[in-house]
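Chain and residue survey
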Amino acid sequence: MHDIRFIRERPDEFDAALQRRQIAPMSRSILKIDSDRRALQAQIQDMQSRRNIVSKEIGALKALGSDSDTLITEVNNIKSKIPDLESKELSLAKALDSQLLELPNILNQSVPAGDNEAQNQLIRAVGNIPKFTFTPKDHVVLGENLGQMNFALGAKLAGARFVVLSGQLAQLERALAAFMLDTHTKKFGYTETLPPALVNRKAMTGTGQLPKFEEDLYKTGDKWLIPTAEVPLTNIVADEITDNTALPIRMTAYTQCFRSEAGSAGRDTRGMIRQHQFSKVEMVSIVHPDESSAELERMTSCAETILQLLELPYRVMKLCSGDTGFSAEQTYDLEVWLPGQDEGRGMYREISSCSNCGPFQARRMKARFRDTKTGDIRFVHTLNGSGLAVGRTLIAILENGQQKDGNILLPKSLHCYMDTDCLLAAV
RNA sequence: GGAGAGAUGGCAGAGCGGUUGAAUGCACCGGUCUUGAAAACCGGCAAGGUAGCGAUACCUUCCAGGGUUCGAAUCCCUGUCUCUCCGCCA
């Protein structure tokens, strides 16, 4: 959400920021509503003030046993006029709110201009792309050869975009989650957290999924299934005022994530790349405004460490203006190398996304901190990042570790979690 | 699911129709004292908004939404959540 005072003071700057998001100027229409509302508000406040004064006088007169009928008439007269003005004021406030809630975050200056992912900026590539003496297979073939990845069964139980893992692959999923959580908690100081997987409308609005992206979400009753643990983790600080001394707050969680994938019909239909349900280890940081830029770099490197420890080659991309998400000021994507994609030619695929949301989410959810020295109360900055998407990591392990015979060599970091260094093909 | 109790400032906790935006304690901030610290003492300290250059004034908010009243933290209704007891249960 945007600061209305910023729009009042610097409407041109605001419109320019919208422009970068391919949105037409809005400051004029927003400020019109805003000034109408404030005029109404001033009028209401004058009446309320008079009402309060007269009511106190009535009280004083009653205490003396004097007659107060004229004053009561006056107050009733004022009161009869207030509700109408209030309802007008309320509808303007709602109009303003609904406009502001649907506008995306202002991009950081450093975000490169661009229409789509093709214009994202390569920051660095890390690790060696494996060379194969044979045409590498994709994870679907590898998983089915292991006899432990069954898409037909997923379809039978739930429908398209579901899978059933079994045996060592099911264990691998659990091993990866444990390995990631252990790394983030022990090495990087994140607090392991197990949040609800269903949340209310308020939480979804706080992080920015609602009101604009309802169609991407699954809903049951009056609750929504989380599309990412970012939602419950970030909303932990909603409506709170924490002392600056408690910052930064760093949390990590392993959860299932649910996405309707409404906008991606036909894309990535093969394999486990894009499922309705997937698991992810998420990192969330709540930080002082001065620290959020550095925290984004730190968080990104936490996610990178996982890839490095798993010996997976990847690259870091800085998202361009057209590819940066609604709530983010700035985003780094980590893309892992998947040698089995594109008929065995291989390609990079997103496996993590680390974003600095600045005060955008904090303002929506009223997450603030108090500077105990100055007494100032300000909005915190929030960041979130995947560390990592577990299903896609599993894919990467299979495709990068594959041998000619269909066996899968596991990275050293996982040996103790898997009690083996290799998955053996069943066929 | 049944029966009761409750929801007040960062926390604990008074208040139960008007002078209460809210006692008191803790925490926090400033100061006195001290070589320094602790203790003690003094002072400050809710949030959001509107108007104003500003001192400041005013409005709203005591879980949320309705209602009663000239006036509601206080009374009534609904919802949400919490606690206690009983039942059921992974």
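Residue indices follow the written sequence of each chain, beginning from 1 at its first position. Think of it this way: whatever chain is written first is A, whatever ligand is written first is 1, and the rest follow in order. Local features in a predicted model are, by the rule used here, given only for residues with pLDDT of at least 70; side-chain atom pairs are given and counted only at 80 or more, and totals for whole chains, interfaces and linings are based on all residues. Computation of side-chain values covers all heavy atoms of the structure but excludes hydrogens and water.

Along the polypeptide, Ala 328 turns up in the loop between strand S11 (314-318) and strand S12 (330-338). Along the chain, Ala 328 and Phe 360 lie 32 residues apart, while their C-alpha atoms are 7.9 Å from each other. The contact criterion used throughout is that any non-hydrogen atoms of two residues lie within 4.5 Å. Those residues within four positions of Ala 328 in sequence are excluded, and the remaining contacts are Arg 21, Asn 105, Ile 106, Leu 107, Ser 355, Asn 356 and Cys 357. Secondary structure follows DSSP: runs of H or I at least 4 residues long count as helices, runs of E at least 2 residues long count as strands, and numbering of each begins at the N terminus.

Looking now at the confidence of the model for chain A. For every residue, the predictor reports its confidence as pLDDT, a number between 0 and 100. Counting all residues, the mean pLDDT for chain A is 94, and 100% of those residues have values of 70 or more. Interface scoring of the predicted complex returns ipTM 0.87; its pTM is 0.94.

Before going further, it helps to spend a moment on the protein's contact with RNA strand B. Residues in contact with RNA strand B amount to 22 residues; listed here are only the nearest, Gln 41, Gln 48, Arg 51, Val 75 and Lys 79. Of everything in RNA strand B that lies within 4 Å of the protein, sugar and phosphate atoms constitute 77%. The term polar contact refers here to a pair of N or O atoms within 3.5 Å; inside protein, the definition further demands a hydrogen-donor-capable atom paired with an acceptor-capable atom, and it admits residues adjacent in sequence only when both atoms are side-chain atoms. The separation between a sugar or linking oxygen of RNA strand B and a polar side-chain atom of Ser 49 is 3.3 Å. In the environment of RNA strand B, a phosphate oxygen lies 2.7 Å from a nitrogen or oxygen atom belonging to the side chain of Arg 51. Counting only elements with at least two residues in the surface near RNA strand B, the list comes to helix H1 (4-9), helix H3 (27-64), helix H4 (69-101) and strand S14 (368-370). Among the elements that take part in the surface near RNA strand B, H3 stands out by supplying 11 residues, more than any other. Only a single heavy atom is needed: when it lies within 4 Å of a molecule or strand, its residue is near that molecule or strand.

Examined against the element boundaries, Gly 206 turns out to sit in helix H8 (residues 201-207). Distance from Gly 206 to Met 1, taken between C-alpha atoms, is 9.1 Å for residues 205 residues apart in sequence.

This part is about the sheet that holds strand S8 (residues 241-243). Here, strands pair whenever DSSP counts at least two bridges between them. The strand order S8-S14-S15 describes an open sheet built from three strands, whose pairing is mixed. In this open sheet, the two strands that pair with only one neighbour each are S8 and strand S15 (377-379). Pairwise comparison of adjacent strand axes, ignoring direction, gives a mean angle of 35 degrees for this sheet. As defined by bridge partners, S8 adjoins S14 across three bridges and the pair is classed as parallel. Residue pairing across strands places Asp 243 opposite Arg 370, the latter belonging to S14. Helix axes use the C-alpha atoms of the stretch in contact, all axes being lines fitted to C-alpha atoms, and the angles between their N-to-C directions lie in the range 0 to 180 degrees.

Type-normalised accessible area, obtained with a 1.4 Å probe on protein chains alone, sets the label of each residue: buried when under 20%, exposed when over 50%, and partly exposed for intermediate values. By the criterion of burial, strand S16 (residues 381-389) is predominantly enclosed, with nine of the nine residues buried. Here seven bridges tie strand S10 (residues 277-287) to S16, and the two strands are oriented antiparallel to one another. Looking across to S16, one finds that Ser 285 is bridged to Leu 383. Summarising the sheet, strand S13 (residues 347-356) and S16 pair through three bridges and their orientation is antiparallel. Across the sheet, Asn 356 pairs through a bridge with Leu 383, a residue of S16.

What follows covers the domain arrangement of chain A. As used throughout, domain bounds are those supplied by an automatic or database domain assignment. When cut into domains, chain A gives domain 1 (4-101) and domain 2 (117-423). Each of domain 1 and domain 2 was reduced to a C-alpha centroid, and the two centroids are 44 Å apart.

Between Lys or Arg on one side and Asp or Glu on the other, a salt bridge is scored when a side-chain nitrogen of the former is within 4 Å of a carboxyl oxygen of the latter. For the coordinates displayed, the defined rule picks out 20 salt bridges. Glu 261 is paired through a salt bridge with Arg 274; the nearest N and O atoms lie 3.4 Å apart. With a gap of 13 residues between them, Glu 261 in the loop between strand S9 (249-258) and S10 and Arg 274 in the loop between S9 and S10 connect regions that are remote in the sequence. Among the residues examined, Glu 261 registers a relative accessible area of 16% and is labelled buried. Relative accessible area serves as the criterion here: at 14%, Arg 274 is assigned to the buried category. Through salt bridges that share partners, Glu 261, Asp 268, Arg 274 and Arg 349 make up one connected network.

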